[in-house]
Amino acid sequence: MINNEAFTKRLKEVIDYYGETASSFAEIIGVQRSSISHILSGRNKPSLEFVLKMIDSYPEVELYWLLNGKGK
């Protein structure tokens, strides 16, 4: 199971690393701005579809790191 707080922290790291805002990040991966907002606030957990869109848009982000915090 994904630790939601830890996932949120890694999501923020990815957004910051690429110099994006939550709005621009949402547009790049093809989700609504509210989806990002709800995940960042802890209201919602990321869906599999959300994670796959992220990995598809940013293939250099390792899936295992994103989900578990292990690796690069």
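Our subject in this report is the structure included herewith. (Residues numbered from 1 in each chain as written. Predicted model: local features only at pLDDT ≥ 70, side-chain atom pairs only at ≥ 80, totals over all residues. Heavy atoms only, no water.)

Quick word on helix α2 (residues 22–29)
Thinking step 1. Within the span of α2, buried status applies to Ala22, Phe25, Ala26 and Ile29. What you see down the axis of α2 is that its buried residues fit within an arc of 100°, all on one side.
Thinking step 2. Looking at the packing, one finds that the buried side of α2 touches α1 (4–17), α3 (33–41) and α4 (48–57).
Thinking step 3. Phi for Gly30, located one or two positions after α2, is positive at around 85°. (Buried < 20%, exposed > 50% of the residue type's maximum accessible area, 1.4 Å probe, protein only. Helix = DSSP H or I, 4+ residues; strand = E, 2+ residues; numbered from the N terminus. Arc of directions from axis to C-beta. Contact = heavy atoms within 4.5 Å.)

Some remarks on the environment of Ser35
Thinking step 1. Among the structural elements, Ser35 can be located in helix α3.
Thinking step 2. Judged by its relative accessible area of 27%, Ser35 falls in the partly exposed class.
Thinking step 3. It is 8.7 Å that separates the C-alpha atoms of Ser35 and Phe50, two residues lying 15 residues apart in sequence.

With respect to α1
Thinking step 1. With 14 residues, α1 should cover 20 Å at 1.5 Å per step; its first-to-last C-alpha distance of 20 Å lies within 8% of that length.
Thinking step 2. Taken residue by residue, α1 has Asn4, Phe7, Thr8, Arg10, Leu11, Val14 and Ile15 as its buried positions. Projected onto a plane normal to the axis of α1, the buried residues spread over an arc of 165° and lie on a single side. Looking at α1, the residues exposed on the side facing more than 90 degrees away from the buried face are Glu5, Lys9, Asp16 and Tyr17.
Thinking step 3. In this structure, the buried side of α1 is in contact with α2, α3, α4 and α5 (63–68).
Thinking step 4. Looking one or two residues past α1, Gly19 carries a phi angle of roughly 65°, positive in sign. (Expected span 1.5 Å × (residues − 1).)

Notes on the packing of aromatic side chains
Here the distance between the centres and the angle between the planes together describe a pair of aromatic rings.
Thinking step 1. Inspection of every chain in the model, using the stated rule, returns three aromatic pairs.
Thinking step 2. Taken together, a centroid distance of 4.5 Å and an interplanar angle of 40° make the contact between Tyr18 and Tyr58 tilted. Placement of the pair is Tyr18 in the loop between α1 and α2 and Tyr58 in the loop between α4 and α5, with a sequence separation of 40 residues.
Thinking step 3. For Tyr18, a relative accessible area of 26% gives the class partly exposed.
Thinking step 4. Exposure remark for Tyr58: the relative accessible area of 6% places this residue in the buried category.
Thinking step 5. Measuring from ring centre to ring centre gives 5.4 Å for Phe25 and Tyr58, while their planes differ by 15°; the resulting arrangement is stacked. (Phe/Tyr/Trp six-rings, centres within 6.5 Å; stacked < 30°, edge-to-face > 60°.)

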